[in-house]
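One letter stands for each residue in the lines below.
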Amino acid sequence: MSNSTVRQTIATPVAELFGIEAPLKVTAEKFADDTNVHIPKIDEHYVFRKEFVREVLAYIQRPHNDAMLAFGHTGTGKSSGFNQLLARLNYPTEEVTCFEDMRYTDLLGQFVMKADKPGEQPQMTWVDGPLTRAVRYGHALIINEWDLMEPGELAGLNDLLDGRPLMISQNGGEVIHPHPDFRLFATGNSAGAGDEMGHYQSVKTQNLAAMDRYRVIEVDYPDPEVEEGILARVAPKLSEDLRKGMVRVANEIRSLFKGECPEAQIAITMSTRVLRRWAMLTLDFKGAKNASAYALDIALLRRADAEERQAVSRICKDVFGELWG
């Protein structure tokens, strides 16, 4: 069975939807219905990257039986990129985060004891999982931390990505023909070849045949001017010099994390999420003797070891000079 209800769409300029530079004649199809409870919530502070928008929209428009994988370091905006783009399109979305012992059947669903009406005797009832809901109703499915799953489990997606219907043997062999709006996204810290740097525990090398079914896009940390703009929006009361210094500190930390400095490497990084937290906490603790240092300690450094704290402290002193105290 399938639910192939055709949704009405509105051709909307990409520049208007995503705040990127593009001719007004370049449009994306946005669903007219904005009431579906599965539509992600919009983050007004999110900043889109033009290349990311172009490639994801191309996939949504013509998936060609592919899935789409975004990989990169933690906090680069992989999940939020998919999530926020789909939110602007009013695209109903299922989202699930993988863990090491997760099974393909967890994506399909399960039987639970459930009463149809209050007071009635509970009975075993099949409840769709995120994959089944997405296939049945034409939602997008985002599988986060995709490379934590065993490759043999993820291979269960292969038939579906080859254009075959979803068959649920646990539910009496139910067959679901994918809704034409079904799309499959995945995010991970690797491109399927495992964790070459040793930063991410439990990341697994994925099956080459399964990987052949994914379009791949690498997501790095935003450019400095983009993050400076983000901080200007979330913490406008901070001085411009302080915001620029924070972004510079973040990029120095990332450089050590990614091993770009052969003489030193650390196991923590500063995502845009942590950078935002640092800026906002600096305002929250503006009465402290060194508010930015105190805020950085809360935002990041309390989970770092002694050597990492010293390395970050040196970076801050180099960037801010005597003002760092």
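As a starting point, this report considers the structure included with it. If you're wondering where the values come from, they're calculated on a predicted model, not measured in any experiment.

### So, the pattern of salt bridges
- In this structure the tally under the stated criterion is 18 salt bridges.
- Linking Asp43 and Arg276 is a salt bridge whose minimum nitrogen-to-oxygen distance equals 3.4 Å. Placement of Asp43 in the loop between β2 (27-31) and α2 (50-61) and of Arg276 in helix α11 (residues 272-284) is noted, with a sequence separation of 233 residues between them.
- In this structure, Asp162 and Arg164 form a salt bridge, with 3.4 Å as the shortest nitrogen-oxygen distance.

### Let's talk about the side chain of Asp147
- Structurally, the position occupied by Asp147 is in the loop between β7 (140-144) and α6 (151-154).
- For the buried Asp147, no salt bridge exists, and the shortest N-O distance to an oppositely charged side chain is 8.6 Å, to Lys204.
- Ignoring sequence-local partners within four residues, the contact set of Asp147 consists of Gly188, Asn189, Ser190, Ser202, Val203, Lys204 and Gln206.

### Some details on the packing of helix α9 (residues 224-234) against α11
- One way to put it is that α9 packs onto α11 with a least axis distance of 10 Å and a crossing angle of 40°. Here α9 is positioned oblique relative to α11, judged by the angle of their axes. Helix-helix and strand crossings are classified by hand; for α9 and α11 the assignment is right-handed. Here α9 contributes Glu227, Ile230, Leu231 and Val234 to the contact with α11, which in turn contributes Thr272, Leu275, Arg276, Ala279 and Met280.

### With respect to the packing of aromatic side chains
- Enumeration according to the criterion identifies ten aromatic pairs in this entry.
- Ring plane angle 80° and centroid distance 4.9 Å describe the contact between Phe285 and Tyr294, whose orientation is recorded as edge-to-face.
- For the pair Phe320 and Trp324, a centre-to-centre distance of 5.4 Å together with 15° between the ring planes defines the contact as stacked.
- With relative accessibility at 14%, the residue Phe320 sits in the buried group.
- Through pairs of rings, three or more aromatic residues link up here, namely Phe52, Tyr59, Phe82 and Phe185.
- In this structure, Arg7 is placed above the aromatic ring of Phe31, and the distance from its NZ or CZ to the ring centre is 5.1 Å.

Parameters at a glance
- Residues numbered from 1 in each chain as written.
- Predicted model: local features only at pLDDT ≥ 70, side-chain atom pairs only at ≥ 80, totals over all residues.
- Heavy atoms only, no water.
- Salt bridge = Lys/Arg side-chain N within 4 Å of Asp/Glu carboxyl O.
- Helix = DSSP H or I, 4+ residues; strand = E, 2+ residues; numbered from the N terminus.
- Buried < 20%, exposed > 50% of the residue type's maximum accessible area, 1.4 Å probe, protein only.
- Lys, Arg positive; Asp, Glu negative; His and termini not counted.
- Contact = heavy atoms within 4.5 Å.
- Axes fitted to C-alpha atoms, helices over the stretch in contact; angles between N-to-C directions.
- Parallel < 35°, antiparallel > 145°, perpendicular 65-115°, else oblique.
- Left-handed = near helix turned anticlockwise from the far one by under 90°.
- Phe/Tyr/Trp six-rings, centres within 6.5 Å; stacked < 30°, edge-to-face > 60°.
- Lys NZ or Arg CZ within 6 Å of the ring centre and 35° of its normal.

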